[in-house]
Amino acid sequence: MVERLVPDELWELFQRVVPDAPSRPQGGGRRRHGDREVLAAIVFVATSGCTWQQVPAASFGPSGATAHRRFTEWTKARVWAKLHRLVLDELGSRGELDWSRCAIDSVNMRALKGELTGPNPVDRGKYGSKIHLITERTGLPLSIGISGANTHDSQALVPLVPLVKGIPPIRSRRGRRRRRPHKLHADKGYDYNHLRRWLTSRGIRHRIARRGIETSQRLGRHRWTIERTMAWLAGCRRLHRRYERKADHFLAFTSIACTLICYRRLTK
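Residues numbered from 1 in each chain as written. Predicted model: local features only at pLDDT ≥ 70, side-chain atom pairs only at ≥ 80, totals over all residues. Heavy atoms only, no water.

Enquirer: Pulling in residues and values, what's your account of the overall build of the chain?
Expert: For the chain, the helix and strand inventory stands at nine helices and six strands. For a compact globule of 268 residues, the expected C-alpha radius of gyration is about 18 Å, and the chain comes in at 20 Å, within 12% of that figure. Overall size of the chain, expressed as C-alpha extent along the three principal axes, is 70 × 50 × 30 Å. The burial tally for the chain puts 50% of its 268 residues in the buried class. A fraction of 66% describes how many contacts in the chain between residues 6 or more apart in sequence connect residues 24 or more apart. Only carbon and sulfur atoms are counted for the fraction: they give 47% of the accessible area of the chain, which is about 13900 Å². Computing the positive centroid from 52 side-chain charges and the negative centroid from 23, the chain places the two 5 Å apart. (Helix = DSSP H or I, 4+ residues; strand = E, 2+ residues; numbered from the N terminus. Rg over C-alpha atoms; globule rule 2.2 N^0.38 Å. Buried < 20%, exposed > 50% of the residue type's maximum accessible area, 1.4 Å probe, protein only. Contact = heavy atoms within 4.5 Å. Areas by Shrake-Rupley, 256 points an atom, 1.4 Å probe, with all protein chains shown as cover. Lys, Arg positive; Asp, Glu negative; His and termini not counted. Charge placed at Lys NZ, Arg CZ, Asp CG, Glu CD.)

Enquirer: Go over the packing of helix α2 (residues 8-15) against helix α9 (residues 247-266) with me, naming the residues and quoting the values.
Expert: Any two packed helices are characterised by how steeply their axes cross, that is the angle between the axes, and by the distance between the axes. Between α2 and α9, the shortest axis-to-axis distance is 11 Å and the interhelical angle comes to 125°. One element, α2, and the other, α9, form an angle in the oblique class. Crossing hand, α2 versus α9: right-handed. Along its contact with α2, which presents E9, L10 and L13, the element α9 presents L260, Y263 and L266. Each residue belonging to the contact of α2 with α9 can be placed in one class, and the counts come to five nonpolar, no polar and one charged. (Axes fitted to C-alpha atoms, helices over the stretch in contact; angles between N-to-C directions. Parallel < 35°, antiparallel > 145°, perpendicular 65-115°, else oblique. Left-handed = near helix turned anticlockwise from the far one by under 90°. Nonpolar A, V, L, I, M, F, W, Y, C, P; charged D, E, K, R; others polar.)

Enquirer: Give a description of the side chain of T135 that names residues and reports values.
Expert: When you line up the elements, T135 lands in strand β3 (residues 127-135). Judged by its relative accessible area of 0%, T135 is buried. If we ignore the near neighbours within four places in the chain, the residues touching T135 are C102, A103, L140, P141, L142, I226 and T229.

Enquirer: Which residues make up the nonpolar core, and what are the values?
Expert: Core analysis: the biggest nonpolar cluster contains 75 residues, and F14, I42, W74 and W80 have the highest contact counts within it. When residues in this core are grouped by element, the largest group, twelve residues, is from α9. (Core = buried A, V, L, I, M, F, W, Y, C linked by side-chain atoms within 4.5 Å.)

Enquirer: Explain the side chain of T229 to me, and be specific about the residues and the numbers.
Expert: With respect to the helices and strands, the residue T229 is situated in helix α8 (residues 220-234). Excluding anything up to four places from it in sequence, T229 contacts L133, T135, G139, P141 and I261.

Enquirer: Which residues make up the packing of aromatic side chains, and what values go with them?
Expert: Evaluated as defined, the whole model comprises nine aromatic pairs. Aromatic pair W52 and F253: ring centres 6.2 Å apart, planes at 35°, arrangement tilted. One end of the pair, W52, is in the loop between α3 (35-48) and α4 (57-60); the other, F253, is in helix α9, with 201 residues separating them in the sequence. By relative accessible area, which is 0% here, F253 ends up buried. Above the ring of Y192, the side-chain terminus of R211 is found at 5.0 Å from the ring centroid. (Phe/Tyr/Trp six-rings, centres within 6.5 Å; stacked < 30°, edge-to-face > 60°. Lys NZ or Arg CZ within 6 Å of the ring centre and 35° of its normal.)

Enquirer: Hey, could you go over the pairing of strand β1 (residues 102-110) for me, with residue numbers and the actual values?
Expert: Consecutive side chains along a regular strand alternate between the two faces of the sheet. Pairing between β1 and strand β5 (residues 183-186): two bridges, direction parallel. Following the sheet pairing, A103 is matched in β5 by H185. Bridging between β1 and β3 involves eight bridges; their strand directions are antiparallel. Residue pairing across strands places M109 opposite S129, the latter belonging to β3. (Pairing = 2+ DSSP bridges.)

So far we have only geometry, and geometry alone does not tell us how the molecule works.
Rendered as structure tokens:
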């Protein structure tokens, strides 16, 4: 189970970003569970959608409480964002990232309670959260962010969830690191002149659908890849409905899902 959820190549990448275990100068205490077993338990929770109490300790070794405690420690250390960036670096060094055309969009899900939630205007005002993401041409997620469900999509570019600025400098097959797409596709939710000017000032060509002018039938020619990425995110069942009260924990599960998506491309 551990080797299936955390293959050797993923484990080698994770070892480069995980912080060192705290030492016990006084000695004694229980033996600390291995990081690989705990990581497998966390991936199991993310993909299966079960609660921490339902983690089978007989299959992994650590209990659900131990996995949750280590998950909290690694979230504070930004391990999941570092791991996602490391996988993107490996893809970029192999020439697997296509920066010629990127897309931006968002997806809503219900939330029981917690930070960064709000009434969803498309779900009868029920509270929820929204995941914003930017993908490259083939659908690999480059940058992610979360907000309340009542946050407008246009806020994801500049003010509240700066996705374009959040793209990390990623390695390329040749030349320096890159963090700006050549062109950005977006739907009518981003149809604002100040957003077009902001993208142009940063050397990014924009292809934003115009309200009342362009039909939605032609939007899928280049943006279908990000719709497919949203379906891939649904494969992480922990994201079907938000149960985490802390926004950092919900963002961590989103980062884990994006890392697994990128890692599957890395192993092909």
